[in-house]
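# Structural features, examined
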Amino acid sequence: LAAYADPWSGPLAVWRRLDDTSYTQIATLDAPATLGTTATAFALGPTAVWDRAATLDVVLDGGTLSAPGEARTLDGGGRAAVETLSGRWEVFQFAEAELVATATWRLSDLLRAQAGSEDAWEGVSEIPAGRPFVLVDDRLRTLPIDRDDLGRDLVLRVGPAADPYTAASFVEVATTPTGRGLLPWSPVHLRGRLDPVSGDLAVTWVRRSRAPGADTWAAVEVPLAETSEAYRLTVSRGGAVVLTVDTAAPAWTWAHADRLAALGTTPVDLTITVAELSAELGPGVARSLALRI
């Protein structure tokens, strides 16, 4: 939860409605978050490398931004989020921030689709001006949401801690937790190779992890964030699913004979999609590969 008030007269209390007449306080916000709106359009950019071409102008409701520089950005600084038209949020980082007009900042030298947020762009080609922006720092508060709350409508009231939650100074908001932050991140380096001798199609990928310590360069492999390693692979042709396979390893081979039985001998265009599986929530964020075989 991120909140801002003008003037900021002290901490804000967060109350959760249990029923029509009962609320319980679940959090306190000690400082205003840095919130605003986009002032320019924002297009999808490259991932896993610096985006030197794109810039984003944002108009802040209050507060300022600072340029962390490349070294601190690579260490986690300059983290922000912007809401796409799908309602999902792209988390990105900026190394440079320049004040270009009153309360308007231009962000550049970007790292895109951070924290596993590349699925925010599914079905979206551009984020227009006027979309919500938030600086992701320690002024945000993670709310105490239980597994039982997933899929349930929650009603919160947020206002000055010195006032009762029934006061007119409180704002009421509703939300439905989906568990998005618990889903496995998409795999990377998805590749397909047709064996010229056997005709078998070998598909490989590399697992990512949102587990603590996954960013270290010292580990041979990132730690597993799930109870066991499992993936779901889907083969589609013309939008229709041809085959779905679950596997316990980051690799799968489609034998030549099985492939011919499913597709015939004519060269075809396929889409292969892979998602890591969560034992609790099912498939995570997927990554796709287009192939002609």
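Whatever comes next refers back to the structure up there.
In this report, the structure presented in the accompanying data block is examined. Quick caveat: nothing in here was measured; it's all calculated off a predicted structure. (Residues numbered from 1 in each chain as written. Predicted model: local features only at pLDDT ≥ 70, side-chain atom pairs only at ≥ 80, totals over all residues. Heavy atoms only, no water.)

## Describing the sheet that holds strand β11 (residues 154-160)
To be explicit about the condition: In this analysis, strands are considered paired if DSSP registers two or more bridges between them. The helix and strand labels rest on DSSP assignments: H or I over at least four residues marks a helix, E over at least two residues marks a strand, and numbering proceeds from the N terminus. Each axis is a line fitted through C-alpha atoms, and for a helix only the stretch in contact is used; angles between axes span 0 to 180 degrees, taken between their N-to-C directions.
Strands sit in the order β2-β1-β11-β12 across an open sheet of four strands; the sheet is antiparallel. Each edge of the sheet is formed by a strand with only one pairing partner; in this case those strands are β2 (22-29) and β12 (171-175). For this sheet, the mean angle separating the axes of adjacent strands, direction not counted, is 30 degrees. The sheet contact formed by β11 and β12 spans five bridges and is antiparallel. Pairing of V158 across the sheet is with V171, part of β12.

## Here we look at unusual backbone geometry
The residue after D6, namely P7, is reached through a cis peptide bond having omega 0 degrees. Inspection of the secondary structure puts P7 in the segment before β1 (12-19). A positive phi angle, near 50 degrees, is found at D109, a position not held by glycine. Within the secondary structure layout, D109 lies in strand β8 (residues 104-114). With phi around 55 degrees, H189 is a residue other than glycine that occupies positive phi space. Turning to its location among the elements, H189 is positioned in strand β13 (residues 188-194).

## Focus on the pattern of salt bridges
To keep things clear, this is the line we draw: Between Lys or Arg on one side and Asp or Glu on the other, a salt bridge is scored when a side-chain nitrogen of the former is within 4 Å of a carboxyl oxygen of the latter.
Following the criterion strictly, the structure yields 21 salt bridges and no others. In this structure, R152 engages D149 in a salt bridge whose closest nitrogen and oxygen atoms are separated by 3.5 Å. One salt-bridge network, held together by shared partners, links R88, D119, E122 and R180.

## Comments concerning the packing of aromatic side chains
Basically, it comes down to this: Pairing of aromatic side chains here covers Phe, Tyr and the six-membered ring of Trp, requires ring centres within 6.5 Å, and sorts the geometry by plane angle: under 30 degrees stacked, over 60 edge-to-face, intermediate tilted. Burial classes follow relative accessibility: with a 1.4 Å probe on protein chains only, a residue under 20% of its type's maximum area counts as buried, one over 50% as exposed, and anything between as partly exposed. The criterion is that NZ of a Lys, or CZ of an Arg, lies within 6 Å of the ring centre and within 35 degrees of the ring normal, and then a charge sits over that ring.
Tallied over the entire structure, the rule returns five aromatic pairs. Centre to centre, the rings of W15 and Y165 are 4.9 Å apart; their planes meet at 40 degrees, and the pair counts as tilted. You can see W15 sitting in strand β1 and its partner Y165 sitting in the loop between β11 and β12, a full 150 residues away along the chain. Centroid distance W205 to Y231: 5.4 Å. Interplanar angle 75 degrees. Geometry classified as edge-to-face. Residue W205 is found in strand β14 (residues 201-206), and its partner Y231 is found in strand β15 (residues 231-237); the two are separated by 26 residues along the sequence. Per residue, the accessibility class of W205 equals that of Y231, and both read buried. In this structure, R112 packs its charged tip against the face of F42, placed 4.0 Å from the ring centre.

## Examining the sheet that holds strand β16 (residues 240-247)
With respect to topology, four strands assemble into an open sheet ordered β16-β15-β18-β19, the strand pairing being antiparallel. Looking at strand neighbours, the two that pair on one side only are β16 and β19 (282-292), the edges of this open sheet. Averaged over neighbouring strand pairs, the angle between their axes works out to 20 degrees when direction is ignored. As paired elements, strand β18 (residues 269-278) and β19 share nine bridges and run antiparallel to each other. Each bridged residue has a counterpart across the sheet, and for V274 the counterpart in β19 is R287.

## Quick notes on the pairing of β1
Across five bridges, the pairing between β1 and β11 is antiparallel. Bridge pairing in β11 places W15 opposite R157. Summarising the sheet, β1 and β2 pair through seven bridges and their orientation is antiparallel. The residue of β2 that forms the bridge with D19 is S22. The hairpin formed by β1 and β2 contains two residues between the paired strands.

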